[in-house]
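Residue-level structure breakdown
The chain contents come next:
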Amino acid sequence: MTAGTDDNESAGFRSAEEWLAAKGIERRAIRVDPGPADGDDTRPPEPDPSAREVGQLATEAPPVVPGDGVDPQAPGADATVSPGDESAPSPPGELGDEVSRALAFVQRSTSSTPASSGRLERKLAARDVPAVAIRLAMADARAQGLVDDVAMADALVEEGRAKGFAPRRLRADLRKRELPDDVIDAAMGRIGDRDPEAVAFDVAASKAREYGGLDAETAFRRLVGFLARRGHNEGLARKVARQVVFDARESDRVTGH
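Calculation notes
Residues numbered from 1 in each chain as written. Predicted model: local features only at pLDDT ≥ 70, side-chain atom pairs only at ≥ 80, totals over all residues. Heavy atoms only, no water. Helix = DSSP H or I, 4+ residues; strand = E, 2+ residues; numbered from the N terminus. Buried < 20%, exposed > 50% of the residue type's maximum accessible area, 1.4 Å probe, protein only. Contact = heavy atoms within 4.5 Å. Areas by Shrake-Rupley, 256 points an atom, 1.4 Å probe, with all protein chains shown as cover. Phe/Tyr/Trp six-rings, centres within 6.5 Å; stacked < 30°, edge-to-face > 60°. Lys NZ or Arg CZ within 6 Å of the ring centre and 35° of its normal. Patch = residues over 30% accessible without salt bridge, like charges linked within 9 Å, V, L, I, M, F, W, Y side chains within 5 Å. Salt bridge = Lys/Arg side-chain N within 4 Å of Asp/Glu carboxyl O. Axes fitted to C-alpha atoms, helices over the stretch in contact; angles between N-to-C directions. Parallel < 35°, antiparallel > 145°, perpendicular 65-115°, else oblique. Left-handed = near helix turned anticlockwise from the far one by under 90°. Nonpolar A, V, L, I, M, F, W, Y, C, P; charged D, E, K, R; others polar. Lys, Arg positive; Asp, Glu negative; His and termini not counted. Arc of directions from axis to C-beta.

Attention shifts here to the overall build of the protein chain. Per the secondary structure count, the protein chain includes twelve helices and zero strands. When the helices and strands of the protein chain are read in sequence order from the N terminus, they spell out α-α-α-α-α-α-α-α-α-α-α-α. By the burial criterion, 23% of the 257 residues in the protein chain qualify as buried. In the protein chain, once contacts between residues fewer than 6 apart in sequence are set aside, the share between residues at least 24 apart is 57%. Carbon together with sulfur atoms contributes 51% to the accessible area of the protein chain, which is approximately 18,400 Å² in total.

Here we come to the environment of D202. Position of D202 among the secondary structure elements: in helix α10 (residues 196-208). Given the relative accessible area of 43%, D202 is considered partly exposed. With 39 residues separating them in the primary sequence, D202 and K163 have C-alpha atoms 9.7 Å apart.

Backbone geometry follows two general trends: most residues other than glycine have a negative phi, and most peptide bonds adopt the trans configuration. With a phi angle near 65°, D128 is a residue other than glycine that sits in the positive phi range. Following the sequence through the fold, D128 ends up in the loop between α5 (117-126) and α6 (131-143). A positive phi angle is found at E178, which is not glycine, with a value near 65°. Inspection of the secondary structure puts E178 in the loop between α8 (167-176) and α9 (181-189). Since its relative accessible area comes to 24%, E178 is described here as partly exposed.

This part covers the packing of aromatic side chains. Scanning the entire structure with this criterion turns up one aromatic pair. On the numbers, 5.5 Å between centres and 45° between planes, the contact of F220 with F246 is tilted. Of the two residues, F220 sits in helix α11 (residues 216-229) while F246 sits in helix α12 (residues 234-255), which places them 26 residues apart along the sequence. Look at F220 and you get buried, because its relative accessible area is 7%. One Lys or Arg, R169, reaches over the ring of F165 and ends 4.0 Å from the middle of that ring.

Time to look at a nonpolar patch on the surface. Nonpolar side chains collect at one region of the surface, where L95, V132 and L136 lie side by side and expose about 210 Å² of accessible area between them. Within the secondary structure layout, L95 lies in helix α4 (residues 94-109).

Interhelical geometry of helix α7 (residues 149-162) versus α9 gives an angle of 45° and a closest axis separation of 9 Å. In terms of their interaxial angle, α7 and α9 are classed as oblique. Between α7 and α9 lies a crossing whose hand is right-handed. Between α7, through D149, V150, A153, D154 and V157, and α9, the contact on the second element is made entirely by V183, A187 and M188. When the residues that make up the contact of α7 with α9 are grouped by side-chain class, the tally is six nonpolar, no polar and two charged.

A separate point is the side chain of D149. With respect to the helices and strands, the residue D149 is situated in helix α7. With no salt bridge to any partner, buried D149 finds its closest opposite charge in R142, at an N-O distance of 5.1 Å. Apart from the residues within four sequence positions on either side, D149 is in contact with S116, S117, L179, P180 and V183.

Once that is clear, we can look at α5. What α5 keeps buried is the set S117, L120 and L124. Down the axis of α5, the sector holding all buried residues measures 65°, keeping them to one side. Looking at the packing, one finds that the buried side of α5 touches α4, α6 and α7. Positioned one or two residues after α5, D128 has a phi angle of 65°, which is positive.

The tally for this structure, following the rule as stated, stands at eleven salt bridges. A salt bridge links R119 to E178; its shortest N-O distance comes to 3.3 Å. A residue pair is termed long-range when its members are at least 10 positions apart, and R119 in helix α5 and E178 in the loop between α8 and α9 qualify at 59 residues. Residue R142 pairs with E121 through a salt bridge whose shortest N-O separation is 3.7 Å. Pair noted here: R142 is in helix α6 and E121 is in helix α5, with a separation of 21 residues, a long-range link. A residue is classified by how much of its surface remains accessible, and R142, at 41% relative accessible area, is partly exposed. Note on E121: relative accessible area 31%, which makes it partly exposed.

Put into structure tokens, the structure is as follows:
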């Protein structure tokens, strides 16, 4: 046999099987098992792996199962996030929990009486609710009708006017409720230009009936205080109180009532 010449070709062997037999190498025929025929499960069980094979399998990486959502070619596909890893993403739902907590507080706070957005936001911040969660919760609250600064301001103005409050008192009450300045200005602009003296006189005349059993001086002092608490300035309050108390009583005395 010449060096560099394939033994199989020089000897004229028809197959690798004949070549192995000539070398004295025992060769078992390779058979591809097509599996049992339909209804036939008589093939012999596969032999248990040897200790060497078991050890080799243990050191090999597990195969990637198609369809498991992992691309083996993707960078870092085999990377895992260890517990306590500072680079791991934040737990999902944490912001949602804060928004839910804030919205629940708003629902409780407005269950029996309205509250302004400014007051609710201040109270939520005092409870260490993150600013972004406060904004999202307040947006939800407005969408649900739990918070409506414009409607609240209009209602307070109408209520105050029915009680004879002067514009100064109305504005102070709206600010005390922590309503935004633009909402206050709009609400005050909708009340019209009714004469402050006429407003004070109407409420003073109604209140003076409760002081009918008091002497004139006492009734006068109480009525001045009553008008002042409703935001009317002292000069107007004294003028109106004098008309309602002294002038009315003098008229009653003259007419004999």
